[in-house]
Amino acid sequence: MRRVVVTGLGIVSPLGTGVEAFWKRVAAGENGIRRITRFDASDLACQIAGVVPSKEEDPHGFDVDAVMDPREQRRSDRFIQFAMGAATEALAHAGWAPKTDLEKERTGTIIGTGVGGFPAMIAGTRLVDEKGPRRASPFLVPSFLANLAAGQVSIRHGLKGPLGAPVTACAASLQAIGDAARLIRGGEADVMVAGGAEACIDKISYAGFCAAKAMSSRRNDDPAHASRPFDQDRDGFIMGEGAGVLILEEYEHAKARGAIILAEVSGYGTSADAYHVTASSPDGEGGLRAMCLALASSGLTPGDIGYVNAHSTSTPVGDAAEIAALTTLFEGRGKDLAVSSSKSMFGHLLGAAGAVEAIACIKALTSGLLPPSRNLDTPDEAMSRFEMIPGKAMARDVSHVLTNGFGFGGVNASAVFSKL
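Please read all numbers here as calculations on a predicted model, not as lab measurements.

**Q** What should I look at first to understand unusual backbone geometry in this one?
**A** Comment: phi is negative for the bulk of residues other than glycine, and the bulk of peptide bonds are trans. Even without being a glycine, Lys213 presents a positive backbone phi close to 55°. Residue placement: Lys213 occurs in the loop between helix H9 (203–211) and strand E8 (242–250). The class for Lys213 is exposed, based on a relative accessible area of 73%.

Put into structure tokens, the structure is as follows:
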């Protein structure tokens, strides 16, 4: 079976745009969560978010003008703009710009999302309600369709290979990476642009999640300490936004063109809980199966994994299910296994979370630094036997890392990245 490697990375996140800026801030355990100013959140239980800063707010903020002209911006929701920024960086990082028809036809695009253009949908609804259907733009639907992040990236870069967009809640971008790897392994593509994008920080989405009592509400006046995965005082997740894109490539193809290989996608697994619309099974059985499938496809054992970037979002129920799965899978392991959750720094990016966290995993492999967890003041006792990496990154060389993405509807995805 053909091997799949990673040759490029691109990111737009609450901790900044650009992989190096993002990674420097992750390693330092910095905070990317702040109070919402985009709309009046004063009557919501949760009033904070992991918002992507602009260039005016942050030297490493997102500059939409650098990736789309003003007319394109008006015709695309924010999640598409984020995807375009991350994909442009990733392709440049990989040094891949297909020129021939064959190169274009052998390069595909899979960019997942949990929701798609939610703000554009809401704005379109309000416009039609207030001013009538004749005022709707002919570009309204393409501005919010979930597959248009992948579609716009494909069009911009002339990528004519397989095109897709998993819409599987918070597992979407990890499934995009897994789907892309399968296409390369199966011989349908040589290069895949894979990842996820999300931008649905909106009062309507917040109202829905708050009604479900899924979001943190205790620390609106202290955003930096609100997201607390695996901490005993966790009380819900904080929504974030952004995009992460990886360039996956067939190993021999990458070698032949002299590409710098960052890591190998050595394993992937996905499963369904078939249990509940929003909650995981308390024993974490579905997530456990996804992890076991990823390990089986990689030919590795649980003892080979040196670091786990957990899905852990900071919800009491969700964290407990993942803890159950991890303690079962890694029975007998102790401080030799490091576990952390990047969501403690920038919140839960929903459909983009898996790809952004995969980038953190790959940087861990290449740098010898393992990402930390913020706000881990009192770790859940069930996890305390593992190395939890509080505060700042920990220096430790590992050869294999595992990352998880679990979503509403009972969808689970796990991937293993390895050093070559």
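Resuming the write-up.
**Q** Can you walk me through the environment of Ala199 in this structure?
**A** With respect to the secondary-structure elements, Ala199 resides in the loop between strand E7 (191–198) and H9. A sequence separation of 86 residues divides Ala199 from Thr113, and the C-alpha atoms of the two residues are 9.1 Å apart. Not counting residues within four places of it along the chain, the set of residues in contact with Ala199 comprises Asp77, Arg78, Phe79, Phe82, Pro119 and Glu241.

**Q** Please clarify how empty space enclosed by the protein should be interpreted in this entry.
**A** In this approach the atoms are scanned with a rolling probe the size of a water molecule, which exposes any empty space left behind. Summed over the entire model, instances satisfying the criterion amount to one cavity of 30 Å³ or more. The space that makes up the largest cavity amounts to roughly 70 Å³. For the lining of the largest cavity, a count of residues per class yields two nonpolar, seven polar and three charged.

**Q** Can you help me understand the layout of surface pockets in this one?
**A** Estimated volume of the largest pocket: approximately 650 Å³. Taken together, 34 residues make up the lining of the largest pocket; nearest its centre are Ala214, Thr278, Ala279, Thr315 and Phe408. Secondary structure elements with two or more residues in the lining of the largest pocket: helix H12 (316–329), strand E14 (400–407) and strand E15 (411–418). Per element, the largest residue contribution to the lining of the largest pocket is four residues, and it comes from H12. Here the residues of the lining of the largest pocket are counted per class, giving 15 nonpolar, 14 polar and five charged.

**Q** Just to check I follow, could you spell out helix H1 (residues 19–27) for this structure?
**A** One full turn of an α-helix is made of 3.6 residues, so residues set three or four places apart face in the same direction. Counting buried residues along H1, seven of its nine residues qualify, which places the element largely inside the surrounding structure. When we look at burial in H1, the residues that qualify are Val19, Ala21, Phe22, Trp23, Arg25, Val26 and Ala27. For H1, the secondary structure elements touched by its buried residues are strand E1 (4–13), strand E2 (16–17), helix H3 (78–94), helix H13 (343–346), helix H14 (353–367) and strand E12 (369–370).

**Q** How should helix H5 (residues 118–131) be read in this particular structure?
**A** With 14 residues, H5 extends 20 Å between its outermost C-alpha atoms, agreeing within 8% with the 20 Å of an ideal straight helix rising 1.5 Å per residue. Buried residues along H5 sit against helix H6 (140–144) and H9. Immediately downstream of H5, the backbone of Gly132 shows phi near 95°, a positive value.

**Q** What is the right way to read the packing of aromatic side chains from this model?
**A** Working definition: an aromatic ring pair is given by the centre-to-centre distance plus the angle between the planes. Counted according to the given criterion, the structure contains five aromatic pairs. For the ring pair Phe39 and Tyr206, a centre distance of 6.2 Å and an interplane angle of 70° mean the geometry is edge-to-face. Of this pair, Phe39 sits in the loop between strand E3 (34–35) and strand E4 (48–49) while Tyr206 sits in helix H9, and the two are 167 residues apart along the sequence. As far as burial versus exposure is concerned, Phe39 and Tyr206 are alike and both buried.

**Q** For this particular structure, what's the right way to read the nonpolar core?
**A** Generally speaking, a soluble globular protein has its nonpolar side chains buried in company with each other. If you look at the biggest cluster of nonpolar residues, it comprises 52 residues, and the most contacted ones within it are Val6, Ile177, Leu246, Leu248 and Phe417. For this core, the leading source of residues is H14, giving ten residues. Here Ile177 is in contact with Ala194, Leu246, Leu248, Ala355, Ala358 and Phe417, once residues within four sequence places are set aside. Listed in part, the 30 residues of the second largest apolar core include Ala87, Trp96, Leu148 and Leu159.

What counts and how
Residues numbered from 1 in each chain as written. Predicted model: local features only at pLDDT ≥ 70, side-chain atom pairs only at ≥ 80, totals over all residues. Heavy atoms only, no water. Helix = DSSP H or I, 4+ residues; strand = E, 2+ residues; numbered from the N terminus. Buried < 20%, exposed > 50% of the residue type's maximum accessible area, 1.4 Å probe, protein only. Contact = heavy atoms within 4.5 Å. 1 Å grid on protein atoms, 1.4 Å probe; cavity = no way out; pocket = protein on both sides within 12 Å on 5 of 7 lines; lining within 4 Å. Points joined across faces, edges and corners; volume = space filled by probe spheres on them. Nonpolar A, V, L, I, M, F, W, Y, C, P; charged D, E, K, R; others polar. Expected span 1.5 Å × (residues − 1). Phe/Tyr/Trp six-rings, centres within 6.5 Å; stacked < 30°, edge-to-face > 60°. Core = buried A, V, L, I, M, F, W, Y, C linked by side-chain atoms within 4.5 Å.

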